[in-house]
Amino acid sequence: ADGAGSRLREALGIAMEGPDALQHYIMIHFEADLRALTAARPGVLYFLFDPATSGVLIAYDRAKTWVLMHPCDPAADAPESFDEAKCRPLVEAAIADAAPFAIRNISPWAMSAQIAERYRKGRVFLAGDAAHRFPPTGGLGLNTGAVDAQNLAWKLAAVLKGEAGEALLDTYEAERRPVAVANSEQSLMNASKLFELFGVLYGPDPARMNEHYKALAADPAASAALPAAIEAQRPHFDSFNLQLGYRYASAALAGAPPLIPASDIDISRYEPSWEVGAHLPHRWVSRGGERVSLLSLRDPARFSLLAGPAASAWRKAADGFGLHTISSGCDFTDEDDWSALTGLPADGALLIRPDGHIACRFDEADDAPRQLARVMGSLLSLSAFAPA
Ligand SMILES: Cc1cc2nc3c(=O)[nH]c(=O)nc-3n(C[C@H](O)[C@H](O)[C@H](O)COP(=O)(O)OP(=O)(O)OC[C@H]3O[C@@H](n4cnc5c(N)ncnc54)[C@H](O)[C@@H]3O)c2cc1C
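Residues numbered from 1 in each chain as written. Predicted model: local features only at pLDDT ≥ 70, side-chain atom pairs only at ≥ 80, totals over all residues. Heavy atoms only, no water.

**With respect to the domain arrangement of the chain**
Along its sequence, the chain is carved into domain 1 (23–111), domain 2 (115–237) and domain 3 (284–379). If you average the C-alpha positions of domain 1 and of domain 2, the two centres end up 22 Å apart. Counting from both sides, the interface comprises 8 residues of domain 1 and, opposite them, 10 residues of domain 2. Between domain 1 and domain 2 the total buried area reaches about 780 Å² when both faces are included, carbon and sulfur atoms providing 82% of it. Together, F47, F49 and M111 form the three largest contributors to the area buried by domain 1 at its contact with domain 2, with a combined 68%. Our count for the contact surface shared by domain 1 and domain 2 stands at 0 salt bridges. At the surface where domain 1 touches domain 2, the tally comes to 0 residue pairs in polar contact (both at pLDDT 80 or more). Taken together, the elements giving at least two residues each to the side of domain 1 that touches domain 2 come down to β3 (45–50) and β6 (102–111). (Domains from an automatic or database assignment. Contact = heavy atoms within 4.5 Å. Buried area = accessible area lost by both parts, 1.4 Å probe. Salt bridge = Lys/Arg side-chain N within 4 Å of Asp/Glu carboxyl O. Polar contact = N/O pair within 3.5 Å; in protein donor to acceptor, adjacent residues only side chain to side chain. Helix = DSSP H or I, 4+ residues; strand = E, 2+ residues; numbered from the N terminus.)

**So, unusual backbone geometry**
Phi is positive for A96, close to 50°, though the residue is something other than glycine. Positive phi values are uncommon outside glycine, yet S381 reaches one of about 55°. Residue classification places S381 among the partly exposed residues on the basis of a relative accessible area of 28%. (Buried < 20%, exposed > 50% of the residue type's maximum accessible area, 1.4 Å probe, protein only.)

**Points about the pairing of strand β15 (residues 349–352)**
Of the two faces of β15, the one holding A349 and L351 and the one holding L350 and I352 are both buried throughout. Judged from the 4 bridges that link them, strand β13 (residues 304–307) and β15 form a sheet pairing that is antiparallel. Bridge pairing in β15 places L306 opposite L350. Here β15 pairs with strand β16 (residues 358–362) via 4 bridges, running antiparallel. (Pairing = 2+ DSSP bridges.)

**Section: the packing of aromatic side chains**
A complete count under the given rule lists 13 aromatic pairs for this structure. Aromatic side chains Y46 and W66 sit 6.1 Å apart centroid to centroid with 45° between the ring planes, which places their arrangement in the tilted category. Here Y46 is found in strand β3, whereas its partner W66 is found in strand β5 (residues 65–72), with 20 residues between them in sequence. The class of Y46 is buried, set by a relative accessible area of 17%. A relative accessible area of 0% places W66 in the buried class. Ring geometry for W314 versus F362: centroids 4.7 Å apart, planes at 35°, classification tilted. Of this pair, W314 sits in helix α10 (residues 312–320) while F362 sits in strand β16; the two residues are 48 residues apart in sequence, bridging distant segments of the chain. F362 matches W314 in its accessibility class, with the two residues each being buried. Three or more aromatic residues joined by ring pairs form one cluster here, namely F47, F49, F195, F198, Y202 and Y213. Here the basic side chain of K86 rests over the ring of F82, its NZ or CZ set 4.5 Å away from the ring centre. If you follow R291 out to its NZ or CZ, it ends over the ring of W284, 4.0 Å from the centre. (Phe/Tyr/Trp six-rings, centres within 6.5 Å; stacked < 30°, edge-to-face > 60°. Lys NZ or Arg CZ within 6 Å of the ring centre and 35° of its normal.)

Here's what the structure looks like:
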């Protein structure tokens, strides 16, 4: 996890796939109180179009912390040449001289849409930006990296403790790389749709941007292209399904349905899923008269068995194997019926991995210990799974 320019990845000879350096930027981090300037139109991102400066002004803390992301052309202006003297006028123009400011950091970066061709070489695993770098449009980079670590951590722990076979570690790439590919493609699409909108708003002639924009602002209905260009931004800013609805299909799951092609997924519409490979959905449930999230009832340090109301056989089997058990009607109550919710009978159960993903759906409790041992053995790449 040594970042986008990972020297470890380079030393291992792992290549990146996808377009590199699509656009160059200078990140200018400055401190200023811009509350008065932005009070009428508070936002997080301000896109700037002006002959004197351009880029995106990002509000981290409107009273203090800001970043100006300024595009640059390395052929005309070496990124290293952007020192304080060169950056001050850019910030002054961006904030219209509205407040004093102090530049804290200046750092060049290149927008890319690249994924490492492989995530593992021997004992080394790539995670975060070392494994994938996306355009920031969509805000998916850090999220994707954090879940890489979450996916890998329990697998490494299981193998190091001798609770799983080595092959479990290969499921890290199988599960996480497709998510990075989908997130990279969407981030790239977001960037291209944003540039299309800018084209509509500011027109083709850089010298007449303001004129074009003012005419459009005075009469937006005159532009046939504007409504569609605005609507095309929806997946960029409303991508809950991309962020929460991704599923896995690998040997660390039992009976995962095939993945749906990315082109068939509505990334704005998240539907909680109880299928194998999906993350256990959040639900408000009642426990001892208190409203808690179903997610909080599982144990992130081990496998959990979420069992239906006729759970005694499952409880016994899971206890025997050292799993954490939660059963509907006993450990929590839900306003919906267990079967309506999960599609499982009262004696059914869901096996949940330490990372919260559904590993198996059991639709009956017959011979529960044997069913459990078979599935645990298979998904942990063990020839035999024994009680803890
Ligand atoms: C303009 C911009 C906007 C962004 N906006 C968002 C957003 O809204 N949401 C989002 O989710 N993501 C966003 N991102 C992406 C996000 O910043 C990155 O995805 C995230 O920081 C990557 O985390 P990382 O830990 O993998 O790498 P990094 O944050 O790069 O951390 C790597 C660390 O490793 C250290 N390191 C390197 N080599 C060594 C070594 N040999 N020994 C020890 N340490 C080493 C480095 O010093 C560094 O601290 C944005 C990125 C950019 C450029």
